[in-house]
Structure formats: structure tokens, C-alpha cells
Amino acid sequence: MSVPAASPETVRLAIDTVRTLAMDAVQAAESGHPGTPMALAPLAYALYAKHLRHDPAAPDWADRDRFVLSVGHASMLLYGTLHLAGYDLSLEEIKHFRQWDSLTPGHPEVHHTKGVETTTGPLGQGVANAVGFAVAEAHLAATFNREGHAIVDHYTYFIAGDGCLMEGISHEAASFAGHMQLGKLIGFFDDNGITIDGSTSLTCSDDAAKRFESYGWQVLHIADVNDLAAIDAAIAEAKADTQRPSMIITKTHIGFGSPNRQDTAKAHGEPLGKDEITLTKQAYAWPGTEPFFVPDAALAHWREAAAARGATHADWKQTWSAYEAAHPELATELSRRLEGKLPASLDAAFPTFDAKSGNVASRAASGVVVNAIAPVLPELIGGSADLSGSNLTTVKGAPLFSGANPAGRNFPFGIREHAMGAIMNGMGLHGGVIPYGGTFLVFSDYMRPAIRLAALMGVQAIYVFTHDSIGLGEDGPTHQPVEHLAALRCIPNLLVLRPADADEVNEAWRTALHHRSGPSAIVLTRQKLSYFGEPARARTGVPQGAYVVADAAGRAPNVVLLASGSEVEIAIAAREKLSGEGIHARVVSCASLELFAQQPVEYRNHVLPAGVPRVAVEAAHPMPWYRWVGDTGAIVGIERFGASAPYQVLYEKFGITVDNVVRTAKSVLS
């Protein structure tokens, strides 16, 4: 349904209302970014009133178009638009912009404000998130659409600024998107030539058009964002090219209409000031005098236009009914995936390990698990940042995801760790898929901003981090993580799982798949691990974070040895040696310190009895363990960078040994 007819004066009033709300909200908050919303208001109007498939009454319906404001500091552009379009965002919330407990935080936050698709602010993240949305749409469309039944058929739009394109993640993500021929991805580059420090010419002379052309994007131009007909024509041309994503370079004037601030850095990140707001409103011929004035004609036009766009939802419901009738099994499967329900057959699909098959590196066990569960969990899609042979993330026999075959489930993300993480975020937010991605643990540094945002947003994403310690050996300190476990464990709402044997790997994957409220990092070894052969205990222990894997043979322990991953077998061997000296040790496998911290105090006290000294051992920085060993305990860890040598030599040189654990245990008992 097309936008209801309105006079040019009414349309301009509708656009200027977005501008004035932005000015007034930033002024009331005494902080914020008014200039970009003032510039981009015509684009927001064109999208939400004329082009987006969206329904303010049902902001989460499955086949809506997605809009990503990568320039998240321009949040008032989105908030003003959502309010005017009739989303559940009142004018009172606009008035409380950037205030405690409001629905209008300084940068948009998904799951916090209806109509916000992803959390943006760190520049460039939104570009990669948009790529992830488009990836998920392409994959689900190829998987579920049938002739005459395009049940998954929507676009992803995003707005990026100079800062987004300066950030390296935009290169990684745009390169991936062009290569994968994501034709339903449409971006707008807000080309205003201004950053906080001044003109972009101070630091940047890139040719954005040539850059995106080289990625395989269609590049279009809008000479003036105030030209609504040019916006319409550009979007139509973008949609006509189904083989290439489109970047529409859009010339804007930051602080549009401000007599003294337009086209200056002053309009970027601070209030205009009351006097300048008055002058700007006069330049708009604005009819109101009070802040936050919304003309009746503007509001009515916005609501009529949004209602017309909402009709696309009603049309889709009819499409869905026809799809259900024609393809009931596909409809049931798609519904299951979109609802985030795991298949009933999943639990039985996990492999069974024994002394032979379980005596492997935990990364190898992970590869076995992935291939065992993949046939019954088709929404599990992902790959690796060019390390699939090392991370063992490939689903054997399944095709690669590509422009020619978007139904493929093995993703060659390329050497793009940062973009991989942020693309996974978009995939997870879209729904219908569970994304996973692998790299070496040390390169979690490269994707940390995306991991942090996944945790902040509560996105289910699974990171397969292999080569988790000095145990990777000869590659040396550049590739040997030391501080990375500690750094990841510091991220709120990130579940870090470091399994100690093949059975624990099974349970780490099971736990991650059931952890729907945030991301999980499964941290795995390069070197072989011993097999403990107690799958039942691992099955119940890993979800609790820590459990007793070896005890003091019916006696009360004199000391408790805590460890994770590859160091659990060292702790078990140390227990045996201590036992020979009459010292009774308990070994606790700590697969996840986060999960253990969430357990009832009674369980924690059962695993770690009060008054019993504790020694923690992990081939990593000791910081996370101080909480658990207390004042009377000790930690065997690493507080320096590694070295290049066979891993057995490194463990000896760094003191991650049975003898050192025994000595340390004796020291806390003396």
C-alpha cells in the first residue's frame, strides 16, 4: 500500500518534526548528537513512511524489513521516527532522552526499545550486523521458500557514517557481503564531510564509491537527501539489482537548517543551545513555540503512512496461511526455528565417547559433536575465520554458504574475526538460525567488541575458540593466549566453557545450545587430553559450572585442587601423588566459573568445603581464580607471555606441572 497523499507542506512538516524533536531532546538532556538526525530526517521519513515493510503494532513480525542505524549516536533520528510512526514509544520517553530507566538511551538498545533491531554506537558494528541480517534472510529464504510461496522475503537497510566507514570492521563486513552477493542489503552512506574533530579531510581522502565498487557492491548516489524523489528512485534501483548489495552515497548537511551550526563540527556532538534552536525553528517556519511540539497534521500523516506500511504485515499473514496449507511440514519447521525451540531429537544425537574415541584434543571432540548434532539441528550454521581445519568447525558433507548457494551451512568467513563476530550478532538477532564461529583463542581480541555487544544484547552466538593456551606450542607467544580467559570471563553475560575431556565437550555444546539469553565461548585445546570416562558426572556437572571429578576416597579432603580444561588431568595426577604422601586431595573440574557462581550457596559449599585450603591451576592468567581460592589458597598460572617450543617443554618451563601443583598444595597446608 502506498503512502497516503499529502501536500508538500505536510510532508515537510512531518520531516521537520523529526528534526525539532532531536534538537529539543538533546537540549533537554544537555548532551547528545543533534546534527545527524537533523540531516537525515528526510531519509528516515522516506524509509518508514514509504519503503520499509514494518508494523508498529507488531514490531517483531518475522518477515519485516530490518533497519539498522549504524550511526547509533544519531539515536534521536530513530526515536523520533518510532514515536511518530506509532511504535510503543511515548513523547514522555522522548522528553527523558538519555535519562535513567528511560526507553531512549543515548544509543539504541535492542530488546529495550520497541522497533530497535540491534544495539549500535560503536561505529561500524551496525554495518556488520546488517550484513548478518541479510545473511540470515538469504539462508532462510533459500531453505524454506518454494515456488509461489516466498515466505521469507525482506530487505535489510542500514545507515552508516564517515566513522563507520573509517572503522576496519566496515571493510571486513562489506567485502564479505559483496562476495556473497547479498542483493537484499541496502546501505546509505551519510556523506556529510564532518567528524567531531572537524572536516573529514583532516584524516580521510578515501573514494567511498570506488571502495564499494571494488567489493562488488552496486554504488548509487543521492545528490541531496532532501530530494525525496531521488531517494525513491535510488531505493528502486537498489532493489532491481538482486545480485549485489547496494551502497547509496547520500549527500547531507549536518545540522541542517541551523544558521550558525550547519556543516560544522559544532552540530555533531553537543546541544545547539536554546538561542540557536529558536533560530533554526524560525528557518523551518516552525509553527510551535514550546519544546517537543508535535503538529497535529504531522502526527496524523506519520500515523497514516505507518498504517499503510503495516498493511504489508496483513498481506504476509495471508501468504503464511497459503504456505502452511501448501507446505505444512516446512511451515512447522520454520515456526520451530523462529520460536527458538530446539528439536526433541537433539538430546539423543550427541555422541558417546569411550577410552579410545575420547582420548583426543578437545577441539577434535568438538568437531565430532558438531557433526553428530548437525543433522538434527539444521539451524546451527557457521564456520571459521579461515581456520576450519584447525577449529574443526566444518559440517562434513554440507555445502558452503555462497552467493550461488545461500542454503549452505558452512561459512567461509575469511580472515575477518571482527566482522565474523558482528555478522553472527546480526544472524542471531534475525532469528531462525543459531550462528557459530571459530578462531584461535588469542584472536578473540580481534572480535572482542562484537562479543561484548552480543553479551549486552543477549544474542545467542557460539564461539569455538581453539588453541587455548601455551599448549599450542611452537607457534610461540604471538599465538599463545595468556590473558584471554580472564578477559572473556570479565564480560557480563558471556558464558565461558573450558571443557576438560570429550564428555565435557559434549556437555559444553549442550549447555551452549540451551543458553538462549547470551553468547557462549567454548574454549578448546590443540593437544590431546586424557579421557576420564565419567559421562554421567560430566552431564550434570558442566551445567553447574564445577563439580568433583576425583575425590579423597571417602575421606574429608585436606586440600582442593581446582582446574579447567587441559589442566584438570594435571590436577588429577597431582592428587594421586599427594595421596602417596598421605595428603587427601579433591579435584574440581571448573568448566565454567560463571555457571558455578550462579549455583546455590549450598552446592558451592558442597564442592568447595569451608576451611579446606584450595589450589587453582590453569595455563592462563590467574586473575579469575582469586575469588575461589581465598586468602589461604594459591594459584598455579602464567603471568608472562609464552615462548616457541614443543608444548611439553613449555608446560615444564612455566611450572604448569604435577610436581609444581604438589609443591603448591603442600605450601598452603604448611
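Nothing here was measured: the structure is a model prediction, and the numbers come from that model. (Residues numbered from 1 in each chain as written. Predicted model: local features only at pLDDT ≥ 70, side-chain atom pairs only at ≥ 80, totals over all residues. Heavy atoms only, no water.)

Undergrad: Please clarify how the environment of His-154 should be interpreted in this entry.
TA: By the element assignment, His-154 lies in the loop between helix H5 (125–144) and strand S2 (156–160). On the accessibility criterion, His-154 (1% relative accessible area) is buried. Separated by 514 residues in sequence, His-154 and Val-668 place their C-alpha atoms 63 Å apart. Setting aside chain neighbours within four positions, we find His-154 in contact with Ala-62, Asp-63, Arg-64, Asp-65, Arg-66, Glu-137, Lys-184 and His-430. (Helix = DSSP H or I, 4+ residues; strand = E, 2+ residues; numbered from the N terminus. Buried < 20%, exposed > 50% of the residue type's maximum accessible area, 1.4 Å probe, protein only. Contact = heavy atoms within 4.5 Å.)

Undergrad: Help me understand empty space enclosed by the protein, please; the structure alone is not making it clear to me.
TA: Over the atoms rolls a probe the size of a water molecule, and its path tells where empty space is left. Scanning all chains against the criterion turns up 3 cavities of 30 Å³ or more. Considering only enclosed or pocket space, the largest cavity measures out at about 70 Å³ in volume. Lining the largest cavity are Tyr-48, Leu-52, His-54, Pro-59, Arg-64, Asp-65, Arg-66, Phe-67, Tyr-87, Gly-115 and Glu-117. Of the voids in this model, the second largest cavity is the one considered here, and its volume is about 60 Å³. In terms of lining residues, the second largest cavity is bounded by Ala-62, Asp-63, Leu-140, Ile-151, Val-152, His-154, Trp-316, Trp-320, Leu-334, Leu-338 and His-430. Breaking the lining of the second largest cavity down by element, the ones donating at least two residues are helix H11 (296–326) and helix H12 (328–339). Residues that form the lining of the second largest cavity fall into these classes: 8 nonpolar, 2 polar and 1 charged. (1 Å grid on protein atoms, 1.4 Å probe; cavity = no way out; pocket = protein on both sides within 12 Å on 5 of 7 lines; lining within 4 Å. Points joined across faces, edges and corners; volume = space filled by probe spheres on them. Nonpolar A, V, L, I, M, F, W, Y, C, P; charged D, E, K, R; others polar.)

Undergrad: Explanation requested: the domain arrangement of the protein chain in the structure shown.
TA: Size of an interface, as often reported, equals the accessible area lost when the parts are brought together. Segmentation of the protein chain into domains returns domain 1 (8–312), domain 2 (346–523) and domain 3 (544–668). Inter-centroid distance (C-alpha atoms) of domain 2 to domain 3 is 26 Å. With 23 residues of domain 2 at the contact, the number on the domain 3 side is 31 residues. Three residues, Ile-470, Arg-489 and Arg-498, lead the burial of domain 2 against domain 3; their summed loss comes to 32% of the area buried on that side. Joining domain 2 to domain 3, the criterion identifies 3 salt bridges. With a closest N to O distance of 2.9 Å, Glu-618 and Arg-489 form a salt bridge. Inspection of the domain 2/domain 3 interface yields 15 residue pairs in polar contact (both at pLDDT 80 or more). Looking at the side of domain 2 that touches domain 3, the elements with two or more residues in it are helix H18 (484–489), strand S12 (495–497) and helix H19 (502–514). Residue composition of the side of domain 2 that touches domain 3, by class: 12 nonpolar, 6 polar and 5 charged. (Domains from an automatic or database assignment. Buried area = accessible area lost by both parts, 1.4 Å probe. Salt bridge = Lys/Arg side-chain N within 4 Å of Asp/Glu carboxyl O. Polar contact = N/O pair within 3.5 Å; in protein donor to acceptor, adjacent residues only side chain to side chain.)

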